[in-house]
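What the coordinates show
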Amino acid sequence: MRMRMWVQRLLWLATAIVAGPVPAFASCGVVAGLPAARQLAALETAAVEPDRVRLTFIGHASFLIETPGGATAVTDYNGYNRPPGLVPDIVTMNNAHSTHFTDDIPPGVRHVLRGWDPGGGMAVHDVTWRDLRVFNVPTNVRQWGGEGTRQNGNSIFVFAAADLCIAHLSHIHHTLTETHLRELGPIDVLLVPVDGSWTMSQEDVLTVIGQIRPRLVVPMHYIVADVLERFLAKAAPRYPARFQDQPAALLSRTALPRQTEILVLPGR
């Protein structure tokens, strides 16, 4: 199954070389708060500047990703954590819990990327819409009820745009293998669940951050503030944290910290 994934990726690469520049997978860029209005509804109308990606924390495990070319995507789309008044072009999902997926897809969504194969195989996605490429790296997940393992039941989704690679770990339950890391490639921005129980321990999350070595880490899936505080305390000896008072950040390659840093966006 992973051979089929690599064949699909090679076909995408060959097509992209003919059509034009391939989105880069490399180190990361600058983060700046939006200049006004923290309401999500106000954020949707602003165009994204060239060479930047806007990342907005909607809540739980859902982020809105917007590109300079006007492409939009929502991670772990569940039908209720969604940007008001906006139908995304691409939605990604995982099915460890019902808060990470839905079958109620609004008209206008162009690509629905499920991180699992309903037929029991392995999900393989690699799509490009406008200037946004999205692909998945399958991982395993605990069975419903916590006993046993569903092979390839979860996916890490990677969003490539504006010379940035953003990886969303979703409901991951284990640290990564060399195969996972090779399929991911270099990651600039990592969106990580830090609940410490429903996904994996906070210590394992720190291990995964060390495996991937992004320039920026954005916590998610922490439900209550105390959980986030415990994670930041454990991370503090290795990764400094800074807080932003708005849920959206502008990302670009030019000036991220040289060492990994945590950016906390408001939300739960």
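Everything numeric here is computed off the predicted structure, so don't read it as measured data.

Parameters and conventions
Residues numbered from 1 in each chain as written. Predicted model: local features only at pLDDT ≥ 70, side-chain atom pairs only at ≥ 80, totals over all residues. Heavy atoms only, no water. Core = buried A, V, L, I, M, F, W, Y, C linked by side-chain atoms within 4.5 Å. Buried < 20%, exposed > 50% of the residue type's maximum accessible area, 1.4 Å probe, protein only. Contact = heavy atoms within 4.5 Å. Phe/Tyr/Trp six-rings, centres within 6.5 Å; stacked < 30°, edge-to-face > 60°. Helix = DSSP H or I, 4+ residues; strand = E, 2+ residues; numbered from the N terminus. Salt bridge = Lys/Arg side-chain N within 4 Å of Asp/Glu carboxyl O. pLDDT = per-residue confidence, 0-100. Arc of directions from axis to C-beta. Pairing = 2+ DSSP bridges.

So, on to the nonpolar core. The biggest cluster of nonpolar side chains holds 61 residues, and the ones touching the most others in it are Ile209, Ile212 and Phe231. Other than its neighbours up to four places away in sequence, isoleucine 209 contacts Leu190, Val192, Pro214, Val217, Phe231, Tyr239 and Thr260. One finds Val74, Tyr77, Leu86 and Val109 within the second-largest nonpolar core, a separate group that totals nine residues.

One pass over the full model with this rule turns up one aromatic pair. Residues phenylalanine 57 and phenylalanine 63 carry aromatic rings whose centres are separated by 4.7 Å and whose planes lie at 25° to one another, so their mutual orientation is stacked. Accessibility expressed as a relative area gives 2% for phenylalanine 57, which makes it buried.

The next thing to look at is unusual backbone geometry. Phi at aspartate 163 takes a positive value of approximately 65°, unusual for a residue other than glycine. With respect to the helices and strands, the residue aspartate 163 is situated in the loop between β9 (149–161) and β10 (164–168). Phi is positive for serine 170, which is not a glycine, with a value near 55°. Along the chain, serine 170 falls in the loop between β10 and α3 (178–184). Owing to a relative accessible area of 1%, serine 170 belongs among the buried residues under this scheme.

The next point concerns the pattern of salt bridges. Evaluated as defined, the whole model comprises nine salt bridges. Measuring nitrogen to oxygen at the nearest pair gives 2.2 Å for the salt bridge that ties glutamate 261 to arginine 242. With a gap of 19 residues between them, glutamate 261 in strand β15 (residues 261–264) and arginine 242 in strand β13 (residues 241–243) connect regions that are remote in the sequence.

Looking at the chain as a whole, the pLDDT averages 83, with 78% of positions reaching at least 70. Highest mean pLDDT in the chain belongs to strand β7 (residues 126–129) (98); lowest belongs to strand β1 (residues 31–33) (41). Counted against residues more than four places away or in other chains, residues 10–19, with its pLDDT under 50, gives nine contacts. pLDDT under 50 marks residues 21–44. Its contacts with residues more than four places away, or in other chains, come to 89 contacts.

With that settled, consider helix α4 (residues 202–212). Think of an α-helix as turning once every 3.6 residues; residues three or four places apart then point the same way. All of the buried residues along α4 are Gln202, Val205, Leu206, Val208, Ile209 and Ile212. Each buried residue of α4 sits inside an arc of 160° when the element is viewed along its axis, so together they form one side. Of the surrounding secondary structure, the elements contacted by the buried residues of α4 are α3, β11 (189–193), β12 (216–220) and α5 (225–235). Taken from the residues just after α4, arginine 213 is the one with a positive phi, measuring 55°.

The next subject is the pairing of β9. Look at any regular strand and the pattern is simple: side chains alternate between the two faces of the sheet. Summarising burial for β9: eleven of the 13 residues are buried, a large majority. Direction of pairing for β9 relative to β10: antiparallel, over a ladder of five bridges. By the bridge assignment for β10, alanine 160 is matched with cysteine 165. The turn joining β9 and β10, which pair antiparallel and follow one another in sequence, is formed by two residues; a positive phi near 50° is taken by alanine 162.

Within the sequence span of α5, burial applies to Val227, Leu228, Phe231, Leu232 and Ala235. Around the axis of α5, the buried residues are gathered within 135° of arc, so they sit on the same side. When the buried face of α5 is taken as reference, the exposed residues oriented beyond 90 degrees from it are Glu229 and Ala233. The elements touched by buried residues of α5 are α4, β12, β13 and β15.

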